[in-house]
Amino acid sequence: MNKTSNRKRIAQLLFLALLIVGTAMIIMQQRNIPFQHDEGMVFGTSYHVTYQSDDNLKQGIEAELQKVDDALSTFNPNSVISLVNQNKPVELNKMFTDVFTLSEDISQKTDGAFDITVMPLVNVWGFGFKSSQTPSKHVVDSLRNFVGFHKVKLQGGRVIKTDPRIMLDCAAIAKGYGVDVVADYLRSQGVKNFLVEIGGEIVSCGLSEQRLPWKIGVTKPMDDSLQTNQELQTILNITDKAMATSGNYRNFYYKNGRKYAHTIDPKTGYPVQHNILSATVIADRCAVADAYATSFMVMGLEKTKKLLENHSELMVYLIYSDKQGKNQVWYSPSMKNKIVE
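Residues numbered from 1 in each chain as written. Predicted model: local features only at pLDDT ≥ 70, side-chain atom pairs only at ≥ 80, totals over all residues. Heavy atoms only, no water.

A few words now on the sheet that holds strand S13 (residues 315-321). Spatial strand order, S1-S2-S5-S6-S9-S12-S13-S14: eight strands in an open sheet with antiparallel pairing. A strand with exactly one partner marks an edge of an open sheet, and here the two such strands are strand S1 (35-42) and strand S14 (327-331). Adjacent strand axes in the sheet meet at a mean angle of 10°, parallel and antiparallel pairs treated alike. Where strand S6 (residues 201-205) lies against strand S9 (residues 242-247), two bridges are found, and the strand directions are antiparallel. Paired with Ile202 across the two strands is Met243, which belongs to S9. (Pairing = 2+ DSSP bridges. Helix = DSSP H or I, 4+ residues; strand = E, 2+ residues; numbered from the N terminus. Axes fitted to C-alpha atoms, helices over the stretch in contact; angles between N-to-C directions.)

See the structure below:
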């Protein structure tokens, strides 16, 4: 019995030793794999991708981004969404239908605060293709007739509109969706450690080059249309998560002494005047985080808090201005463990 027991113990020790050595070899091998750094321009903004791989995957990354552009870019006259806006025959691809369906779902959950039919209002206020005079109440009210997700639907592989003048704009979700697409592509190539960023929207996985969890700073909101401000409000741990931030402090213009923010309330037709300065959302998918960040800018502080009571899957960090004009912070309970400092 003792000899048999000793043999088993020796076998177990040998197996454990081999396991430790094998694990150490895998870790060393992973550490020896270099990190690649790719960057470029897409969707009218910049992208940066850091990933651990022996191979440079920039060509594949840009091919995926081109697919998103071909589906969702209103600046691409031949994209699916552009042809839909022009009421031309077009075959809807999976990327377009995925984003349309997700947008419809979030529009319902936010009581219309998120709405991709808001494009005519975005344009008339000077944040789209057109730069116009400050619109009159009559013009705004007229355009509101063509805004509202309930006025458009997918049916039989087509977009059905109640009025042909309805136009779609996925700018508030396309960057996040593009980040998800690139992240999925990297995973399909066996990449375990990466960070994808497009215009400030992010997905991270695994560890950074320093073999540490990925940490991202949230910029302190202040008027910064040139995007030169680098002062941070806080730092968040976003390993294996997606993060998006929306704020009116970087995209705005002044006219006749009045500041106009880029976020349009689909219900009123006017730029939002809420006290939220920036909304940062952490979620499992960047498209979801992107859309909700915009929604919360429209909804304001109290309505955002109310919605989050039924959406514990969302982690939210809000910076807002109090009655004295001072910046304050509110974050959901689930965000607490993500705050590094």
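Now that the structure has been shown, we can carry on.
Below, the discussion takes up the packing of aromatic side chains. When we look at a pair of aromatic rings, we describe it by the centre distance and by the angle of the planes. All chains considered together, the criterion is met by five aromatic pairs. Through a chain of ring-to-ring contacts, three or more aromatic side chains come together here, namely Phe96, Phe100 and Phe149. (Phe/Tyr/Trp six-rings, centres within 6.5 Å; stacked < 30°, edge-to-face > 60°.)

Time to look at the packing of helix H4 (residues 94-109) against helix H8 (residues 286-299). Contact geometry of H4 with H8 gives a least axis separation of 11 Å together with a crossing angle of 35°. For H4 against H8, the interelement crossing comes out right-handed. Of the residues in H8, those in contact with Leu102, Ile106 and Lys109 of H4 are Ala287, Val288, Ala291, Tyr292 and Ser295. Of the residues in the contact of H4 with H8, the class split is six nonpolar, one polar and one charged. (Left-handed = near helix turned anticlockwise from the far one by under 90°. Contact = heavy atoms within 4.5 Å. Nonpolar A, V, L, I, M, F, W, Y, C, P; charged D, E, K, R; others polar.)

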